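Listed here are the chains, written in short residue letters.
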Amino acid sequence: MTDIIDALEGKSGSARSPRETRVEAERPKTWQPASTLPEPDKQAGYAYRWVRVSTLGQNDARNTSSAFREGWEPVRIEEQPKFQNITDPDSRFKDNIEVAGLLLCKIPTEFMEQRRAHFEQMTQAQNESVDSNFMRENDPRMPLFTERRSKTSFGSGK
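Report on the accompanying structure. (Residues numbered from 1 in each chain as written. Predicted model: local features only at pLDDT ≥ 70, side-chain atom pairs only at ≥ 80, totals over all residues. Heavy atoms only, no water.)

This part covers the overall build of the protein. Scanning the protein for helices and strands turns up three helices and six strands. In the protein, the share of contacts with a sequence separation of at least 24, taken over all contacts with a separation of at least 6, comes to 61%. About 13,800 Å² of surface is accessible on the protein, with carbon and sulfur atoms providing 51% of the total. (Helix = DSSP H or I, 4+ residues; strand = E, 2+ residues; numbered from the N terminus. Contact = heavy atoms within 4.5 Å. Areas by Shrake-Rupley, 256 points an atom, 1.4 Å probe, with all protein chains shown as cover.)

Listed below in structure tokens is the structure:
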């Protein structure tokens, strides 16, 4: 098409002026506050969590020991090299990732599913217990809870 227009205007392909191109505008970069706890690179088959090992400089052995007994294991620095420069140099967990009193830990996803099922079962049992205790005080003459349902019918109902 441009060759036809050039031919009508008397221009040849070599005499044409260079075509102007638009420079693509880059999206401006925006500032974001630094995250205290960066997100670890996920490894298939594991869930990650930050476990508190100290608060205000005081060791929290109870919380740490509880997490370890539950199956959480500290992540080694070799597994997450991007944390090399932000780990606490005075950490009592050498070769692991500790940031601001929090230790990065991992656990197999199978354990997390079992943990979720356990707490779901506990919640269900507690809800049933509360409902049972509440309904025990129920009297038919003055019900504590009644489901109110309405029916809508059309026609003669035959």
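Enumeration according to the criterion identifies nine salt bridges in this entry. The shortest N-O distance in the salt bridge between Lys82 and Asp41 comes to 3.4 Å. Within this pair, whereas Lys82 is found in the loop between β4 (73-74) and β5 (98-99), its partner Asp41 is found in the loop between α1 (2-9) and β1 (46-52), the two being separated by 41 residues in sequence. On the accessibility criterion, Lys82 (46% relative accessible area) is partly exposed. A residue is classified by how much of its surface remains accessible, and Asp41, at 45% relative accessible area, is partly exposed. Close ionic contact of Glu70 with Arg115 constitutes a salt bridge, the shortest N to O distance being 2.8 Å. Taken together, the residues span a long stretch of sequence, with Glu70 in helix α2 (residues 61-70) and Arg115 in helix α3 (residues 109-136) at a distance of 45 residues. Residue classification places Arg115 among the partly exposed positions, given a relative accessible area of 31%. (Salt bridge = Lys/Arg side-chain N within 4 Å of Asp/Glu carboxyl O. Buried < 20%, exposed > 50% of the residue type's maximum accessible area, 1.4 Å probe, protein only.)

Turning our attention to the packing of aromatic side chains. By the definition in use, this model includes two aromatic pairs. Ring geometry for Trp50 and Phe83: centres 6.0 Å apart, planes at 70°, overall edge-to-face. Highlighted residues: Trp50 in strand β1 and Phe83 in the loop between β4 and β5, separated in sequence by 33 residues. Residue Phe83 is classed as buried on the basis of its relative accessible area of 0%. A ring pair is formed by Phe68 and Phe93, whose centres lie 6.3 Å apart and whose planes are at 85°; its orientation type is edge-to-face. Of this pair, Phe68 sits in helix α2 while Phe93 is found in the loop between β4 and β5, placing the two residues 25 residues apart along the sequence. With relative accessibility at 32%, the residue Phe68 sits in the partly exposed group. Residue Phe93 is classed as buried on the basis of its relative accessible area, which comes to 14%. Positioned above the aromatic ring of Tyr46, the side-chain terminus of Lys106 is 4.4 Å from the ring centre. (Phe/Tyr/Trp six-rings, centres within 6.5 Å; stacked < 30°, edge-to-face > 60°. Lys NZ or Arg CZ within 6 Å of the ring centre and 35° of its normal.)

Our focus in this paragraph is the pairing of strand β6 (residues 102-108). Among the seven residues of β6, six are classified as buried, and the element is accordingly described as predominantly covered. When β1 meets β6, the two strands line up antiparallel, connected through seven bridges. Across the sheet, residue Ala47 finds its bridge partner in β6, namely Ile107. As defined by bridge partners, β4 adjoins β6 across two bridges and the pair is classed as antiparallel. Bridge pairing in β6 places Pro74 opposite Cys105. (Pairing = 2+ DSSP bridges.)

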